[in-house]
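Understanding the architecture of this molecule
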Amino acid sequence: MRILLAASAALAIAGSANAAVLFSDNFDTEPTALTVTSLANWTVTGNVDVVDTGTYSIDCDVKCVDLDGTTGPGQILSNPIAFGAGQQILISFDVSGNQRDGADDEFFFELTFGSTLNYNNNVITGFSYGTTGVYTNTGSGTYFEVIGANRPFLTYTYGFIPTAAGTLSLRLGTTSGDNIGPVLDNVLVTSGAVPEPATWAMLITGFGLVGFAARRRRSFAA
């Protein structure tokens, strides 16, 4: 009950900040298939798998993407996403280990802009390293880490404030080549007013609690 109340409070804050959804994909409308080479909102390089929760011992929200497809590793690049100037752009997604064996998996994330952009970025949650500051760049650079097979879903969030309007693309993938994991779900990009630091921290905590509560409900239902 406390989890749900905290999550509700955080979502109320999000509404008060007039956050707008710029991009959202939980892969639930994708056909379930192995060795997928195309997705509705993404360009696929290599191969990925779209799996139902409960299939191949994977637990996720309805459907998710195994970034290490059945015939080898893959990566996905989003279609360009437009954003305006002076708003907080927040990117979030959930990633777990492969959930099926003891092998570790490499995972990487990269944000690229349609043109060189001045922006203030803040790596918020999930990433094992990162910096905060003002940059002139064509993207975030590549964030890379090794994820243990049994690591549960973790919500990653990356925020930035652009000084001009533009477009961005998200690249997520793996260099692992054992045909298993990591697993991706719930990709979201929003735009909203820049919140106060304390409010921002509460909002990010709320996002995590919403995901945790949803997974607990799914576990109890099973």
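Report follows, based on the coordinates. (Residues numbered from 1 in each chain as written. Predicted model: local features only at pLDDT ≥ 70, side-chain atom pairs only at ≥ 80, totals over all residues. Heavy atoms only, no water.)

A few words now on the overall build of the protein. Looking only at helices and strands, the protein features two helices and twelve strands. In the protein, the order of α-helices and β-strands from amino to carboxyl end is α-β-β-β-β-β-β-β-β-β-β-β-β-α. Contacts in the protein between residues at least 24 apart in sequence constitute 77% of all its contacts with a sequence separation of at least 6. Element-wise, carbon and sulfur atoms account for 57% of the exposed surface of the protein, whose accessible area totals about 9900 Å². (Helix = DSSP H or I, 4+ residues; strand = E, 2+ residues; numbered from the N terminus. Contact = heavy atoms within 4.5 Å. Areas by Shrake-Rupley, 256 points an atom, 1.4 Å probe, with all protein chains shown as cover.)

Our next topic: the nonpolar core. In terms of nonpolar packing, the biggest core is built from 36 residues, with Ile76, Phe93, Phe109, Tyr158, Phe160 and Leu170 touching the most fellow members. Top contributing element to this core by residue count: strand 8 (residues 105-125), with seven residues. Core analysis: the next-biggest nonpolar cluster, separate from the first, contains six residues, Val51, Cys60, Phe153 and Val183 among them. (Core = buried A, V, L, I, M, F, W, Y, C linked by side-chain atoms within 4.5 Å. Buried < 20%, exposed > 50% of the residue type's maximum accessible area, 1.4 Å probe, protein only.)

Moving on, we come to the pairing of strand 9 (residues 132-147). As defined by bridge partners, strand 8 adjoins strand 9 across 14 bridges and the pair is classed as antiparallel. Looking at the pairing, Tyr119 lines up with Tyr135 of strand 9. Adjacent in sequence and paired antiparallel, strand 8 and strand 9 are bridged by six residues, among which Gly126 carries a positive phi angle near 90°. (Pairing = 2+ DSSP bridges.)

Evaluation of the coordinates by the stated rule reveals one disulfide. Disulfide pairing places Cys60 opposite Cys64 at an S-S distance of 2.3 Å. Across the disulfide from Cys60 to Cys64, rotation about the S-S bond amounts to roughly -75°, and the bridge is consequently left-handed. (Disulfide = S-S within 2.5 Å.)

This part takes up unusual backbone geometry. The amide bond that connects Gly181 to the next residue, Pro182, takes the cis arrangement and shows omega of 0°. If you trace the backbone, Pro182 turns up in the loop between strand 11 (166-173) and strand 12 (183-192). Phi is positive for Thr35, close to 55°, though the residue is something other than glycine. Summarising the element assignment, Thr35 is placed in strand 2 (residues 33-39).

Here strand 8 runs beside strand 11; their pairing, made up of six bridges, is antiparallel. Across the sheet, the residue bridging to Phe109 is Leu172, located in strand 11.

So, on to the packing of aromatic side chains. If you walk through the whole model with that rule in mind, you get 20 aromatic pairs. Taken together, a centroid distance of 6.1 Å and an interplanar angle of 55° make the contact between Phe109 and Tyr158 tilted. You can see Phe109 sitting in strand 8 and its partner Tyr158 sitting in strand 10 (residues 154-162), a full 49 residues away along the chain. By the burial criterion, Phe109 is buried, and Tyr158 matches it. A connected cluster of aromatic rings, assembled from ring pairs, spans Phe93, Phe107, Phe109, Phe127, Tyr143, Tyr156 and Tyr158. (Phe/Tyr/Trp six-rings, centres within 6.5 Å; stacked < 30°, edge-to-face > 60°.)

Scanning the model with the defined rule gives three salt bridges in all. One salt bridge in this structure joins Arg171 and Glu110, with 3.3 Å as the shortest N-O distance. Taken together, the residues span a long stretch of sequence, with Arg171 in strand 11 and Glu110 in strand 8 at a distance of 61 residues. For Glu110, a relative accessible area of 17% puts it in the buried group. A salt bridge links Glu145 to Arg151, with the nearest nitrogen and oxygen atoms 3.8 Å apart. (Salt bridge = Lys/Arg side-chain N within 4 Å of Asp/Glu carboxyl O.)

Any functional reading would require information that these geometric values do not contain.
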